[in-house]
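Examining the three-dimensional arrangement
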Amino acid sequence: MVIQVKVTAPGKAILHGEHTVVYGTKAIAISVGLYTTVHVQVRPGSDVFVSFGEVGLSHTLPLQELKDLKSSFNDNFSFLVLDNPDGINVNPNVSKLIDDYVTLKNGFTGTLRSAFEATFKAFVFIYLATFDELEPLSLTVETELPVGAGLGSSASFAVALAGGLLTAAGRTKSDNIDNDMINRWAFVSEKFVHGNPSGIDNTVATLGGAIMYQKGQPLVPLKCSDVRVLLVSTETPRSTKELVGRVAELKEKNPELHQQYMDEAIELVEKAIEELKNSGQIKPEYVEQNQVLLQNLNVSHPRLDIIVETAKKRDLRAKLTGAGGGGCAFVVLPPECSIDDVEKLKSDLTAQCDEFKFWSVPMGVSGVKIIPL
Ligand SMILES: Nc1ncnc2c1ncn2[C@@H]1O[C@H](COP(=O)(O)OP(=O)(O)O)[C@@H](O)[C@H]1O
Ligand SMILES: C[C@@](O)(CCOP(=O)(O)O)CC(=O)O
């Protein structure tokens, strides 16, 4: 039987609480209307074809090889170990066998190798674990999200991948989506890519809307009305690790200043949470205040500052999203802001830096969607 399904999942931005969240305080993440789409077709044949679209990476894996790999786990290995505090973990024995298979199998080189090997392993793992009887299929991935720019491309990929494979394996249905199951398997993919992530990105990509996160606490969905933003990519790569390290260094060298930032940021997050709980609104003034704090924390970037200043001249508020140091910013577009106003802002920005890239998108959009074809 041929089964065809398309699954989409959105990206995310951090609205408030970036960097403080690392020290155990609250943060708010929100979905953004840029999507990863996974197409899965279960079809007759003797192979599994997988293609990660834009990066031009594709593999054809003989079905028999995958069946042999699965049976090599023997009955003593379960795919997941479920007894750790966050409830789900990849069995290290299975992970090792998949590592060996993928390393032997693939032709990744250079940066592609480090960037996409993990996602390929996540695919092999979830495919082997979710199908009782392995089926020949083709799976293709396309994304509108810039990769590694703080917009949650890996989580969006993880959710679309998990949704596609679980549907093809008959474990969830398009008219009765098992969000919890999709989210748990997406978290597995995130673990392959990121080691030990918090789980907020895949939860936002699964459920959509705005979500409050605090280390060790259950995630709390928040009310969130439609809001449009102009996402601006600075086209400047950055490393989350390096930026988190920069803040840690400040804590060590100047604990008073670090504490002052923490106190102000915590107060702001609390106000923003109250506002969302009461009215579901994102307040542009909180966005502006958050950006000032991040600038003081030295995690902005000249290109991010240009975006913030240029938007301000048109009476619009903007902030960076994610770790900062490059990546993306978003400008809040109030309802009265016309298409023409947005075009004017884009041309002001392009005049300052012709490398900027733009997407005018809604925030707080719905999460994963499964569309039978
Ligand atoms: N379309 C995709 N196909 C395959 N892997 C992807 C895709 N998008 C993202 N990824 C994975 O996610 C990683 C990027 O994650 P990360 O650096 O956290 O950036 P982001 O903030 O965009 O999630 C990539 O290196 C890759 O492993
Ligand atoms: C700076 C930080 O708070 C957010 C980083 O976000 P991103 O990796 O840029 O999407 C780090 C973290 O929460 O792990």
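Computed from a predicted model, the values in this text were never measured in an experiment.

**A few points about the domain arrangement of the protein**
On domain assignment, one finds that the protein holds domain 1 (3-224 + 366-372) and domain 2 (227-363). Its C-alpha centre places domain 1 at a distance of 28 Å from the equivalent point of domain 2. Facing 29 residues of domain 1, the contacting portion of domain 2 comprises 41 residues. For the pairing of domain 1 and domain 2, the buried interface totals around 2,800 Å² over both sides, and the portion due to carbon and sulfur atoms is 71%. Looking only at domain 1, the three residues that lose the most surface to domain 2 are His16, His19 and Tyr23, adding up to 24% of its buried area. Inspection of the region where domain 1 meets domain 2 yields two salt bridges. Residues glutamate 270 and lysine 26 are paired through a salt bridge, measuring 3.0 Å at the closest nitrogen-oxygen approach. Put simply, domain 1 and domain 2 have twelve residue pairs in polar contact (both at pLDDT 80 or more) between them. Counting residues per element, the ones that place at least two in the side of domain 1 that touches domain 2 are strand 1 (3-16) and strand 2 (27-42).

**Re the environment of alanine 265**
Inspection of the secondary structure puts alanine 265 in helix 8 (residues 255-279). Residue class for alanine 265 comes out buried when judged on its relative accessible area of 5%. On a C-alpha basis, the gap between alanine 265 and threonine 20 in space is 7.2 Å, while along the polypeptide they are 245 residues apart. Beyond its immediate stretch of four places on either side in the chain, alanine 265 contacts Thr20 and Leu293.

**Brief notes about the nonpolar core**
Formed by 57 residues in total, the largest nonpolar core has its most connected members in Ile28, Leu230, Leu231, Phe330, Val331 and Met363. Here this core takes seven residues from helix 8, the largest share from any one element. Mapped onto the domain boundaries, this core takes at least three residues apiece from domain 1 (3-224 + 366-372) and domain 2 (227-363). Discounting chain neighbours no more than four positions away, the residues touching valine 331 are Arg228, Val229, Leu230, Val232, Ile307, Ala311, Leu316, Arg317, Ala318 and Leu345. Within the second largest apolar cluster, 54 residues are counted, among which are Val7, Leu134, Leu161 and Trp185.

Cut-offs used in this document
- Residues numbered from 1 in each chain as written.
- Chains lettered and ligands numbered in written order.
- Predicted model: local features only at pLDDT ≥ 70, side-chain atom pairs only at ≥ 80, totals over all residues.
- Heavy atoms only, no water.
- Domains from an automatic or database assignment.
- Contact = heavy atoms within 4.5 Å.
- Buried area = accessible area lost by both parts, 1.4 Å probe.
- Salt bridge = Lys/Arg side-chain N within 4 Å of Asp/Glu carboxyl O.
- Polar contact = N/O pair within 3.5 Å; in protein donor to acceptor, adjacent residues only side chain to side chain.
- Helix = DSSP H or I, 4+ residues; strand = E, 2+ residues; numbered from the N terminus.
- Buried < 20%, exposed > 50% of the residue type's maximum accessible area, 1.4 Å probe, protein only.
- Core = buried A, V, L, I, M, F, W, Y, C linked by side-chain atoms within 4.5 Å.

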